[in-house]
Amino acid sequence: MDKAVNSYAPFFLQALDAIRTIRANYHGTFELLDPRVFNSAAAALETVWLGAATGLLKPRYSELFACDGRIKQVRALFEALHLQVIGRTINFHLLNSPANLDALLVSHVAFESISRFVAVDGVNAFPPHDPAKVEHLMADVKTASELLLVTYKILRDE
């Protein structure tokens, strides 16, 4: 995890609010407070994933490492949404391909799995980290998971 940032959850919460705002005003006009919100969320998503995936005991949670490609695909999806916001040409139909929906859902499940592993194993799931860092990481994982699920539901319904 980036030592300069204590929590990435605010990036995910901003993106969550933005995706809901866009959906609620999809056929109207709206103004986002930070038009770079999805670009920030994309970078934060990959950072949190790497922090969580590299900190876990790999032999016990090996199934998660197959999700790296899906996380990268979700990052690309959020970067594409960022470009749509900047260009003021938002079109969810261009983003809701089966591959993107699958990547969102698989990534959500991967983050949820990390939460379940930590619920069972506690900080022992992340032996090299201190408990305070694990607590911050788990808040980030939970918020990232929620963003992925809400984005999946919004795009699926388009």
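Residues numbered from 1 in each chain as written. Predicted model: local features only at pLDDT ≥ 70, side-chain atom pairs only at ≥ 80, totals over all residues. Heavy atoms only, no water.

Concerning the packing of aromatic side chains
For the structure shown, the criterion picks out four aromatic pairs. With 5.5 Å between their ring centres and 85° between their planes, Trp 49 and Phe 111 make a pair best called edge-to-face. Residue Trp 49 is found in helix 2 (residues 37–55), and its partner Phe 111 is found in helix 4 (residues 98–121); the two are separated by 62 residues along the sequence. Residue class for Phe 111 comes out buried when judged on its relative accessible area of 0%. (Phe/Tyr/Trp six-rings, centres within 6.5 Å; stacked < 30°, edge-to-face > 60°. Helix = DSSP H or I, 4+ residues; strand = E, 2+ residues; numbered from the N terminus. Buried < 20%, exposed > 50% of the residue type's maximum accessible area, 1.4 Å probe, protein only.)

With respect to helix 1 (residues 9–24)
Along its 16 residues, helix 1 runs 22 Å from first to last C-alpha, staying within 8% of the 22 Å computed at 1.5 Å per residue. Residues Ala 9, Phe 12, Ala 15, Leu 16, Ala 18, Ile 19 and Ile 22 constitute the buried set of helix 1. The elements touched by buried residues of helix 1 are helix 2, helix 3 (68–87) and helix 5 (131–156). (Expected span 1.5 Å × (residues − 1). Contact = heavy atoms within 4.5 Å.)

Things to note about the packing of helix 2 against helix 3
At their nearest, the axes of helix 2 and helix 3 sit 7 Å apart, and the two run at 165° to each other. Taken together, the axes of helix 2 and helix 3 are roughly antiparallel relative to one another. Our pair here, helix 2 against helix 3, has a crossing hand that is left-handed. Where helix 2 approaches helix 3, its residues Phe 38, Asn 39, Ala 42, Ala 43, Leu 45, Glu 46 and Trp 49 are matched on the opposing element by Asp 68, Ile 71, Lys 72, Val 74, Arg 75, Phe 78, Glu 79, Leu 81, His 82 and Val 85. Looking at the contact of helix 2 with helix 3, its residues break down into ten nonpolar, two polar and five charged. (Axes fitted to C-alpha atoms, helices over the stretch in contact; angles between N-to-C directions. Parallel < 35°, antiparallel > 145°, perpendicular 65-115°, else oblique. Left-handed = near helix turned anticlockwise from the far one by under 90°. Nonpolar A, V, L, I, M, F, W, Y, C, P; charged D, E, K, R; others polar.)

Things to note about the environment of Lys 133
Within the secondary structure, Lys 133 is located in helix 5. For the pair formed by Lys 133 and Asn 6, sequence separation is 127 residues and the distance between their alpha carbons is 8.5 Å.

A closer look at the nonpolar core
Formed by 54 residues in total, the largest nonpolar core has its most connected members in Phe 38, Phe 92, Phe 111, Ile 114 and Phe 126. Where this core is concerned, the elements lending two or more residues are helix 1, helix 2, helix 3, helix 4 and helix 5. The element contributing the most residues to this core is helix 5, with eleven residues. The residues touching Ile 114, leaving out its near neighbours within four places in the chain, are Trp 49, Ala 52, Leu 56, Leu 64, Phe 126, Met 138 and Val 141. (Core = buried A, V, L, I, M, F, W, Y, C linked by side-chain atoms within 4.5 Å.)

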